[in-house]
Amino acid sequence: MGRPRSTEARDRAIEATLELLGDVGVEGTTVEAIAATSGVAKSTIYRHFGDRESLMVEAVRTCIVQVPTPDSGSLAEDVAVILGRYDAPENQRVNRLFPLLLDAARRDPDMHAAMADLVTERQRPLRTVVQLAQLRGEVDPDLDIEYAMAILIGPLTYRRLVAGHELTDDFLQAVQPAAVAALRSTASNPPAV
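Each chain carries its own residue numbering, running from 1 in the written order of its sequence. Restriction of local features to residues with pLDDT of at least 70 applies here, the model being predicted, together with a cutoff of 80 or more for giving and counting side-chain atom pairs; totals for whole chains, interfaces and linings are based on all residues. Excluding hydrogens and water, the side-chain figures rest on all heavy atoms present in the structure.

Asker: Mind showing me how you'd approach the overall build of the protein here?
Answerer: Helices and strands together make up the secondary structure of the protein, namely nine helices and zero strands. Per-residue burial for the protein yields a buried fraction of 40% across its 193 residues. Here, two residues are considered to be in contact whenever any of their heavy atoms come within 4.5 Å of each other. Taking contacts inside the protein between residues at least 6 apart in sequence as the whole, the part at least 24 apart equals 68%. Within the structure as shown, the protein displays about 10,300 Å² of accessible surface, and the carbon and sulfur contribution to it stands at 53%. By the criteria applied, helices consist of DSSP H or I runs no shorter than four residues and strands consist of E runs no shorter than two, each listed in order from the N terminus. Under the scheme applied here, a residue whose accessible area is under 20% of the maximum for its type counts as buried, over 50% as exposed, and between as partly exposed, the area being computed with a 1.4 Å probe on protein chains only. Areas reported here follow the Shrake-Rupley algorithm with a probe of radius 1.4 Å; residue values treat only the protein chains shown as occluding.

Rendered as structure tokens:
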């Protein structure tokens with residue numbers, strides 16, 4: 001029987017992988033660089049993860065942060081809470097790595113699956129508040145949830161990934177009411193807010 005795998009070495013390898021992804025990108029994140037940065041032997045890295053791609057996938061999975069879903073009874077208030085958390089400290093790393101990881105996900109099915117899990121968890125609270133708003137009549141109950149996500153997240157994605165700007169409070173305060181108004185306009189008789 002082999003010796004037990006060290007959780008500490010595993011965690012150091014994952015942390016080094018995330019650090020390197022942010023500093024040198026996917027191509028520069030080699031097992032050699034991970035070993036040098038983490039102080040974990042290459043043989044240990046291979047024993048824990050099998051290969052570099054599996055290690056990167058596992059590292060991405062550690063970026064998934066579960067957050068509570070607000071339920072104030074108001075789509076506008078709940079959207080403001082959720083979008084206000086996008087640049088929270090616990091999301092900074094994934095926000096920085098997101099463009100690199102999207103590119104890697106296009107080429108690697110396992111990374112694609114990990115990114116799908118990450119995106120699903122990031123969108124879960126927003127999807128839930130839209131569904132609650134549909135139940136309250138604030139949003140058309142037949143509106144496709146993917147359209148709603150595009151309306152809410154599209155401006156943030158454009159600002160960060162295309163324009164390369166931060167999500168400032170001014171930007172969020174300008175975009176949130178417009179996105180909520182667009183969603184509310186789909187309801188035939190929206191409740192008074």
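Okay, back to it.
Asker: Which parts of the structure should I look at to understand the side chain of E138?
Answerer: Mapped onto the elements of the fold, E138 is located in the loop between α7 (109-136) and α8 (145-162). E138 sits in the buried class, given a relative accessible area of 2%. Within polar-contact distance, the side chain of E138 engages the backbone nitrogen of L75 at 3.1 Å. The term polar contact refers here to a pair of N or O atoms within 3.5 Å; inside protein, the definition further demands a hydrogen-donor-capable atom paired with an acceptor-capable atom, and it admits residues adjacent in sequence only when both atoms are side-chain atoms.

Asker: Honestly, the nonpolar core in this entry has me stumped. Any pointers?
Answerer: Considering soluble globular proteins, one finds that nonpolar side chains tend to be buried as a cluster. Counting 31 residues, the largest nonpolar core has I34, I45, V60, L101, M111, M115 and L118 as its most contacted members. If you list the elements that add at least two residues to this core, you get α1 (7-28), α2 (31-38), α3 (42-49), α4 (52-61), α6 (92-107) and α7. When residues in this core are grouped by element, the largest group, eight residues, is from α1. For M115, the residues in contact, after removing those within four places along its chain, are V60, F98, L101, L102 and A105. Take the buried residues of types Ala, Val, Leu, Ile, Met, Phe, Trp, Tyr and Cys, join any two whose side-chain atoms come within 4.5 Å, and each joined set is a nonpolar core.

Asker: Teacher, can you tell me more about the pattern of salt bridges here?
Answerer: Pairing is possible between side chains of opposite charge, provided their charged atoms come close. Whenever Lys or Arg places a side-chain nitrogen within 4 Å of a carboxyl oxygen from Asp or Glu, that contact is recorded as a salt bridge. Taken as a whole and assessed by the stated rule, the structure comprises 14 salt bridges. E53 is paired through a salt bridge with R52; the nearest N and O atoms lie 3.4 Å apart. A salt bridge links R136 to D71, with the shortest nitrogen-to-oxygen separation between them at 4.0 Å. A residue pair is termed long-range when its members are at least 10 positions apart, and R136 in helix α7 and D71 in the loop between α4 and α5 (75-84) qualify at 65 residues. Counted as one network, the salt bridges with shared partners bring together D71, R136, E138 and R184.

Asker: When you look at α2 in this model, what are you seeing that I'm missing?
Answerer: In an α-helix, one full turn covers 3.6 residues, which means residues spaced three or four apart are oriented alike. Those residues of α2 not exposed but buried are V31, A33, I34, A35 and S38. On its buried face, α2 sits against α1, α3 and α4.

Asker: Any chance you could explain the side chain of E121 here in plain terms?
Answerer: Checked against the element boundaries, E121 lands in helix α7. Exposure remark for E121: the relative accessible area of 13% places this residue in the buried category. Aside from chain neighbours lying at most four places away, what touches E121 is I64, V65, Q66 and V67.

Asker: What is the right way to look at the packing of α1 against α2 in this model?
Answerer: Helix-helix packing is described using two parameters, namely the angle between the two axes and the distance between the axes. Running from amino to carboxyl end, α1 crosses α2 at an angle of 130°, the nearest separation of the two axes being 9 Å. Comparing the axis directions of α1 and α2 gives the class oblique. Read as a crossing pair, α1 and α2 show a hand that is right-handed. On α2, the residues touching R12, A13, A16, T17, E19, L20 and G28 of α1 are A33, I34, T37 and S38. Of the residues assigned to the contact of α1 with α2, the class counts are five nonpolar, four polar and two charged. Axes, fitted as lines to C-alpha atoms, cover a helix only where it is in contact. Angles between the N-to-C directions of the axes lie from 0 to 180 degrees. Throughout, the term roughly parallel applies to angles under 35 degrees, roughly antiparallel to angles over 145, roughly perpendicular to angles from 65 to 115, and oblique to all others. A crossing counts as left-handed when the near helix is turned anticlockwise from the far one by less than a right angle, and as right-handed when that turn is clockwise. Note that Gly is not counted as nonpolar here; it falls among the polar residues with everything else outside the nonpolar set of Ala, Val, Leu, Ile, Met, Phe, Trp, Tyr, Cys and Pro and the charged set of Asp, Glu, Lys and Arg.

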